[in-house]
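Coordinates in review
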Amino acid sequence: MSVGMLERMDEINPDRVIEEFEAMTKDAARIQRETLKKILEENGSSEYLQNLGLNGRTDQDSFKACVPLVTHKDLELYIQRIADGDSSAILTGKPITTLSLSSGTTQGKRKLLPFNDELMDTTLQIYKTSFAFRNREFPIGNGKALQFIYGSKDGKTKGGLAAGTATTNVFRNSRYKNAMMAIQSQCCSPDEVIFGPDFHQSLYCHLLCGLIFHEEIQLVSSTFAHSIVLAFRTFEESWEELCNDIRKGELSSRITSPALREAMSKLLRPNPELADLIYDRCSNLSSWYGLIPELFPNVKYIYGIMTGSMEHYLKKLRHYARELPLLSADYGSSEGWIAANVNPNLPPEMATFAVLPNIGYFEFIPLRDTAEDIYREPKPIGLTDVKIGEEYEIVVTTFAGLYRYRLGDAVKVMGFHNSTPELKFVCRRNLLLSINIDKNTEKDLQLAVEEAGKLLAEEKLEVADFSSLVDLSTDPGHYVIFLETSGEAREEVLKECCNCLDRSFADVGYVSSRKVNTIGPLELRVVCSGTFQKILDHYLGLGAAVSQFKTPRCVGPANKLVLQILCDNVAKTFFSTAYD
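Residues numbered from 1 in each chain as written. Predicted model: local features only at pLDDT ≥ 70, side-chain atom pairs only at ≥ 80, totals over all residues. Heavy atoms only, no water.

On to the sheet that holds strand 19 (residues 570–575). Pairing within the open sheet is mixed, and its four strands lie in the order 16-17-18-19. With partners counted over all chains shown, the strands left at the sheet margins are strand 16 (463–471) and strand 19, one partner each. Along the sheet, successive strands turn relative to each other by an average axial angle of 20°, direction set aside. Bridge count between strand 16 and strand 17 (residues 478–485): eight bridges; the pairing is antiparallel. Looking at the pairing, S467 lines up with F482 of strand 17. (Pairing = 2+ DSSP bridges. Helix = DSSP H or I, 4+ residues; strand = E, 2+ residues; numbered from the N terminus. Axes fitted to C-alpha atoms, helices over the stretch in contact; angles between N-to-C directions.)

Have a look at this one:
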């Protein structure tokens with residue numbers, strides 16, 4: 001797709017976008033060869049590729065023979081040189097002028113990653129493609145979107161390069177706003193709110209803007225489902241104050257930022273009729289069920305990343321949404337985009353993502369769980385060589401200087417869209433609970449917590465959030481699960497939750513190890529209300545944006561500060577008797 005085409009995003013023709021996608025995916029193998037050739041032609045002069053001896057070759061075999069598989073650790077020194085101001089062709093042919101910061105919620109350490117115009121191109125192509133398919137099923141008019149999006153603090157590296165979260169780099173790009181207008185998803189909040197200095201103040205103003213434009217709101221969205229749930233939990237606590245602002249046409253004194261106060265003063269006018277309407281609708285709700293359609297009667301759907309660690313929030317989101325469809329957004333990472341949701345009718349738990357074969361070069365390492373493979377990792381295979389039902393780790397080569405980069409994501413091939421695979425996100429490979437022969441993934445943890453959540457539901461309570469760790473300070477080592485609940489549960493219920501969690505890890509290695517006590521009884525630590533909000537505030541204090549925040553589901557040794565927050569807020573502790 002040409003840049004010119006992207007610049008004219010106000011002229012999007014969804015039917016033509018779908019036609020282009022269909023044509024491209026019918027010959028994905030050829031498109032992949034051409035994409036790799038283009039990446040290597042543009043960046044072959046870079047120091048990194050020169051040192052590997054490609055010597056101008058752009059074919060797949062030479063590329064795989066010369067270029068090794070890498071992780072971020074292998075590239076840190078190159079990226080640091082860029083950050084320090086070295087403008088020579090280090091990883092890319094053209095100098096990198098912007099860097100993205102990952103959230104750091106997975107590993108406890110934020111990663112610097114290259115960001116360039118080509119990455120922005122692929123972002124807009126993904127937005128355009130998924131919108132075309134989404135709009136065919138759920139057409140929206142020319143209204144506004146209530147988008148709970150937030151920019152991170154402006155940062156500069158030692159060498160003077162702009163450094164922000166990947167989402168901030170996108171939101172700040174001049175082409176982003178044009179794209180949102182083109183796909184009828186213009187944010188109802190002014191830029192001052194998106195880039196406000198304080199997340200809590202920005203969130204309050206997002207809610208206020210949504211209420212002011214309540215009849216024009218066509219969709220509610222955020223980067224992650226967590227942010228949408230957090231927004232409406234905040235609404236539950238502040239709805240009367242918001243009504244008061246609308247009634248008087250004056251902004252609450254909780255908003256202290258001059259830029260926010262000035263921006264909101266342009267929108268706020270005394271409107272007692274609207275304040276009464278919102279007050280009546282909220283007063284008549286039972287446990288806030290159906291809050292979103294009550295507030296925004298013309299909303300067609302709710303949109304955001306809802307897979308992986310976000311699945312936990314779906315139950316609460318459905319509670320707020322009532323019958324409104326939940327649509328999972330596309331599949332990507334701070335490193336770059338991979339695939340678009342072209343089957344928007346599927347519920348988030350079943351969401352699949354079709355790989356766009358022209359936005360990067362993709363390889364897949366088969367994930368086999370047999371003894372012989374511990375010592376010999378299978379070779380990566382190409383995009384069109386994957387098999388339905390098999391799981392793989394994704395390896396990406398991007399237009400922004402990452403070559404054969406191991407993303408760390410495990411995906412399952414659910415089918416094909418023409419000749420390109422449709423992927424389901426399984427888990428982050430490095431988020432494993434493991435002591436000896438046991439292997440429990442983020443998904444296994446989530447399923448265990450869901451089972452325990454059923455016991456709490458009988459008490460009219462729910463799991464607000466959760467995390468875990470492997471405690472090797474005891475002998476034998478054991479799993480620790482941190483739970484924050486929506487209210488105080490009885491001791492007997494929590495004891496049974498603890499046993500339920502232990503029993504719900506069905507991995508053969510775990511069960512057999514528990515039976516012979518080579519893994520100790522699972523420990524449940526119930527934390528005080530607001531603990532996970534403190535974790536979010538901790539990351540915001542480091543300069544992360546809420547748009548990128550993912551609750552760390554497994555706290556490793558590198559995440560000492562998060563572990564400290566969890567341990568400092570433990571209210572009750574229980575040990576499982578499930579295997580006694």
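Moving on to the pairing of strand 14 (residues 405–417). For strand 14, a buried count of 10 out of 13 residues is recorded, marking the element as mostly surrounded by other parts of the structure. Direction of pairing for strand 13 (residues 391–397) relative to strand 14: antiparallel, over a ladder of five bridges. When the bridges of strand 14 are listed, E391 appears paired with K412. (Buried < 20%, exposed > 50% of the residue type's maximum accessible area, 1.4 Å probe, protein only.)

Now for the packing of helix 12 (residues 225–248) against helix 14 (residues 272–283). Packing of helix 12 against helix 14 brings their axes to within 7 Å, and their N-to-C directions diverge by 160°. Put simply, helix 12 runs roughly antiparallel to helix 14. The chirality of how helix 12 crosses helix 14 is left-handed. For the pair formed by helix 12 and helix 14, the contact residues are F235, W239, E240, C243, I246 and R247 on the first element and P272, L274, A275, D276, I278, Y279, C282 and S283 on the second. (Parallel < 35°, antiparallel > 145°, perpendicular 65-115°, else oblique. Left-handed = near helix turned anticlockwise from the far one by under 90°. Contact = heavy atoms within 4.5 Å.)

So, about the pattern of salt bridges. Counted by the stated rule, this structure contains 26 salt bridges. Measuring nitrogen to oxygen at the nearest pair gives 2.8 Å for the salt bridge that ties E363 to R404. Separated by 41 residues along the polypeptide, E363 in strand 11 (residues 361–366) and R404 in the loop between strand 13 and strand 14 bring together distant segments of the chain. R404 carries the same exposure label as E363, and that label is buried. Residues E496 and R503 are paired through a salt bridge, measuring 2.7 Å at the closest nitrogen-oxygen approach. Judged by relative accessible area, which is 32%, E496 ranks as partly exposed. (Salt bridge = Lys/Arg side-chain N within 4 Å of Asp/Glu carboxyl O.)

Quick look at the sheet that holds strand 6 (residues 301–305) now. A sheet is described by the order of its strands in space; here four strands give the open sequence 3-5-6-7, paired in parallel fashion. Taken across any chain shown, the strands that pair with only one partner, and hence form the sheet edges, are strand 3 (144–147) and strand 7 (326–328). This sheet shows a mean twist of 25° between the axes of neighbouring strands, independent of strand direction.

For strand 9 (residues 336–340), the buried fraction is high: four of the five residues fall into the buried class. By the bridge criterion, three bridges tie strand 8 (residues 331–333) to strand 9 in an arrangement that is antiparallel. Residue G332 lies in a different strand from strand 9, and its bridge partner there is W337. Adjacent in sequence and paired antiparallel, strand 8 and strand 9 are bridged by two residues.

Attention shifts here to the packing of aromatic side chains. Within the structure shown, the criterion is met by 19 aromatic pairs. Geometrically, the ring pair formed by F63 and Y361 is edge-to-face, given 5.9 Å between the ring centres and 85° between the ring planes. You can see F63 sitting in helix 5 (residues 60–66) and its partner Y361 sitting in strand 11, a full 298 residues away along the chain. The residues F63 and Y361 share a single accessibility class, namely buried. Chaining the aromatic ring pairs together yields one cluster made of F235, W239, Y279 and W288. A cation over an aromatic ring shows up here: R134 above the ring of Y303, its NZ or CZ 3.9 Å from the ring centre. Above the plane of the ring of F466 lies R553, whose end atom (NZ or CZ) is 4.0 Å from the centre. (Phe/Tyr/Trp six-rings, centres within 6.5 Å; stacked < 30°, edge-to-face > 60°. Lys NZ or Arg CZ within 6 Å of the ring centre and 35° of its normal.)

Turning next to helix 7 (residues 117–137). Since one α-helical turn is 3.6 residues long, residues separated by three or four positions face the same way. Under the 1.5 Å per step criterion, the end-to-end length of helix 7 is 31 Å for 21 residues, consistent within 8% with the ideal 30 Å. Most of helix 7 sits inside the fold, with 18 of its 21 residues counted as buried. (Expected span 1.5 Å × (residues − 1).)

Mapped onto the elements, D198 comes out in the loop between helix 10 (191–194) and helix 11 (199–212). Taking the relative accessible area as the measure of exposure, D198 reaches 27% and is therefore partly exposed. The spacing of D198 and Y150 is 48 residues in sequence and 9.6 Å in space, taken between C-alpha atoms.

Take the side chain of E422 next. Tracing the chain through its elements places E422 in strand 15 (residues 420–428). There is no salt bridge for the buried E422, and the closest opposite charge comes from R136, which lies 9.7 Å off by N-O distance. In this structure the side chain of E422 is engaged in a polar contact, spanning 3.1 Å, whose partner is the side chain of N343. (Lys, Arg positive; Asp, Glu negative; His and termini not counted. Polar contact = N/O pair within 3.5 Å; in protein donor to acceptor, adjacent residues only side chain to side chain.)

Further remarks concern the state of the cysteines. Throughout this description, disulfide means a covalent bond between two cysteine sulfur atoms. Evaluated as defined, the whole model comprises zero disulfides. Between C282, a free cysteine, and C243, which holds the nearest cysteine sulfur, the sulfur-to-sulfur gap is 5.8 Å. Overall, the relative accessible area of 5% leaves C282 in the buried class. (Disulfide = S-S within 2.5 Å.)

This part takes up the nonpolar core. The biggest cluster of nonpolar side chains holds 78 residues, and the ones touching the most others in it are F148, V220, F232, F235, L295, F296 and I302. By residue number, the principal contributor to this core is helix 12, which donates 11 residues. When residues of this core are sorted by domain, at least three fall in each of domain 2 (139–324) and domain 3 (442–575). When sequence neighbours within four positions are dropped, the list of residues in contact with F296 reads L146, G210, L211, H214, I217, V220 and F232. Residues Y48, L49, F364 and I394 belong to the second largest nonpolar core, which totals 65 residues. (Core = buried A, V, L, I, M, F, W, Y, C linked by side-chain atoms within 4.5 Å. Domains from an automatic or database assignment.)

Another aspect to go through is the confidence of the model for the protein chain. Considering every residue of the protein chain, the mean pLDDT works out to 83; 88% of them sit at 70 or more. This stretch, residues 1–10, has a pLDDT under 50; its non-local contacts, to residues over four places away or in other chains, come to 19 contacts. (pLDDT = per-residue confidence, 0-100.)

So, on to the packing of helix 20 (residues 531–541) against helix 21 (residues 560–568). In the contact formed by helix 20 and helix 21, the axes pass within 9 Å of each other and the chain directions differ by 155°. Here helix 20 is positioned roughly antiparallel relative to helix 21, judged by the angle of their axes. Seen from above, helix 20 lies across helix 21 with right-handed handedness. Within the contact between the two elements, helix 20 uses T531, F532, K534, I535, H538 and Y539 and helix 21 uses L561, V562, I565 and L566. Its residues placed into classes, the contact of helix 20 with helix 21 shows seven nonpolar, two polar and one charged. (Nonpolar A, V, L, I, M, F, W, Y, C, P; charged D, E, K, R; others polar.)

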